[in-house]
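# Chain and residue survey
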Amino acid sequence: MILVTGGAGFIGSNFVLQWLAKGDEPVVNLDKLTYAGNLRNLDSLRGDARHIFVKGDIDDPKLVAQLLREHQPRALVNFAAESHVDRSILGPAEFVRTNIHGSFNLLEAARAYWDGLAGEAKSGFRFLQVSTDEVYGSLAATDAPFRETTAYAPNSPYAASKAAADHMVRAYHHTYGLPTLTTNCSNNYGPFQFPEKLIPLVILNALAGKPIPVYGDGKNVRDWLYVDDHCSGIRRVLEAGRPGEVYNIGGNSEKANIEVVQTLCAVLGELRPAAKPYASLISYVKDRPGHDRRYAIDAGKIRGELGWQPAENFAGGMRKTVEWYLANAEWTRQVSSGEYQQWMNANYEARGAAA
Ligand code: NAD
Ligand code: TYD
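Reference entry: report on the structure contained in this document. As the structure is a computational prediction, the values presented were derived from the model and not from experiment. (Residues numbered from 1 in each chain as written. Chains lettered and ligands numbered in written order. Predicted model: local features only at pLDDT ≥ 70, side-chain atom pairs only at ≥ 80, totals over all residues. Heavy atoms only, no water.)

## Structural notes on the site of ligand 1
Taken together, 29 residues are adjacent to ligand 1, and Ile-11, Asp-31, Ser-83, Tyr-158 and Lys-162 come closest. Asp-31 is positioned such that a nitrogen or oxygen atom in its side chain is 2.6 Å from an oxygen atom of ligand 1. Measuring from an oxygen atom of ligand 1, one finds a backbone N or O atom of Asn-188 at 2.8 Å. Across the complex, the protein chains shield 97% of the 830 Å² of accessible surface that ligand 1 would expose by itself. Counting residues per element, the shell around ligand 1 draws most heavily on strand S5 (residues 126-132), which supplies three residues. Across the shell around ligand 1, the residue classes tally to 12 nonpolar, 12 polar and five charged. (Near = heavy atom within 4 Å. Polar contact = N/O pair within 3.5 Å; in protein donor to acceptor, adjacent residues only side chain to side chain. Areas by Shrake-Rupley, 256 points an atom, 1.4 Å probe, with all protein chains shown as cover. Helix = DSSP H or I, 4+ residues; strand = E, 2+ residues; numbered from the N terminus. Nonpolar A, V, L, I, M, F, W, Y, C, P; charged D, E, K, R; others polar.)

## Concerning helix H8 (residues 227-240)
Compared with the 20 Å implied by 1.5 Å per residue over 14 residues, the 20 Å span of H8 between its first and last C-alpha is a close match. Those residues of H8 lying buried are Val-227, Asp-229, His-230, Cys-231, Ser-232, Gly-233, Ile-234, Val-237 and Leu-238. (Expected span 1.5 Å × (residues − 1). Buried < 20%, exposed > 50% of the residue type's maximum accessible area, 1.4 Å probe, protein only.)

## Side note on the side chain of Ser-13
The topology assignment puts Ser-13 in helix H1 (residues 10-22). When near neighbours in sequence (up to four residues on either side) are disregarded, Ser-13 contacts Gly-7, Ala-8, Asn-41, Leu-42 and Phe-192. (Contact = heavy atoms within 4.5 Å.)

## Observations regarding the site of ligand 2
Around ligand 2 sit 18 residues, and of these Glu-134, Arg-222, Arg-288, His-291 and Tyr-348 come closest. Taking Arg-222, its side chain carries an N or O atom lying 2.8 Å from an oxygen atom of ligand 2. Here His-291 contributes a side-chain N or O atom positioned 2.7 Å from an oxygen atom of ligand 2. If ligand 2 stood free it would expose 520 Å²; the protein chains cover 97% of that surface. Taken together, the elements giving at least two residues each to the shell around ligand 2 come down to helix H3 (85-90), helix H7 (198-207) and strand S8 (212-215). The leading source of residues in the shell around ligand 2 is S8, at three residues. Considered class by class, the residues forming the shell around ligand 2 number seven nonpolar, five polar and six charged.

The values are spatial; any link to function lies outside them.
Here's what the structure looks like:
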């Protein structure tokens, strides 16, 4: 079996669902269920003995050691993190605790567990750290995309916390020989994404007839990858990646934010026609401090070494995503209550945008 952390969040839950759809190897899923974790994402696994959910913190040494001892996983895949840049700007402390110290705690527990293994169990064990392209910093319009050898230059507290964890993972391989793998992926989108992130936020605000907040001039560029493709990339790295190596995962879909927003408005207009064009709701608001201008990924290594490439393109993935949010109004209603409203007020009021 494998131990997954953060498997009730956006990417982690998609990963657990894909993992159990493709095979029968059980998953122990350790998640603290923060505001971003949601067991409803895993509703389709209710009563499925292959999925063991444990509510808990990756920063709890006793709990992690006990889970490793009890379940003897052949791999640990760490998705658990505070993941939202804007939240890291308003309150970085939790990012340091979970992303840095929590990852360190997982590494320590994994090292002790792995030290006690022998033979194939030892050589086959893997610690996979799910990371982000944001650790590489910001590119100018004409710069070459990030490669695995690009120097780290994180700019937000979120990116810095992920970079620190990546460095610890590297050190645990280099110093102790722990068989680690690191994946650095671009922006994900798809089902179950919490609507604080750009794509679901645009869909929900548009459907509610609320302003669609675009930071700055809307020309910041991100590379977008459909979440299923990220999950298949991680499965491939886990299966065949070389211990100690880093693999960049990307979608070959660089888009300016305003283009993403306009695409969403057009797809929504087609699938859920409204009296006024959704694009009329677009509202330029105060920029994010330190806003990285451009991210782009060179995914040549994972393509060349492991034969992975995305199955979905941007247009298809965006349509699927809009369709999913339209079909899952109850999910969005549930996650948009309570804490979410407080966040919307905290983040957008100061930007001069109505939440
Ligand atoms: P998310 O915020 O949707 O989910 C994070 C999950 O981790 C939640 O279920 C939360 O409850 C859990 N969690 C948080 N703190 C925890 C703790 N201390 N102990 C146990 N569980 C805890 O995040 P996501 O978008 O699914 O991202 C997952 C991972 O992928 C993160 O490590 C993130 O840095 C990385 N990543 C995300 C993207 C993206 O576009 N979303 C891109 C590249 C990499
Ligand atoms: P986000 O989804 O927060 O991901 P990240 O910051 O990790 O890339 O934001 C994606 C891009 O969209 C980023 O350039 C910031 C921008 N953005 C807006 O313009 N408006 C918004 O309301 C949000 C949340 C993001």
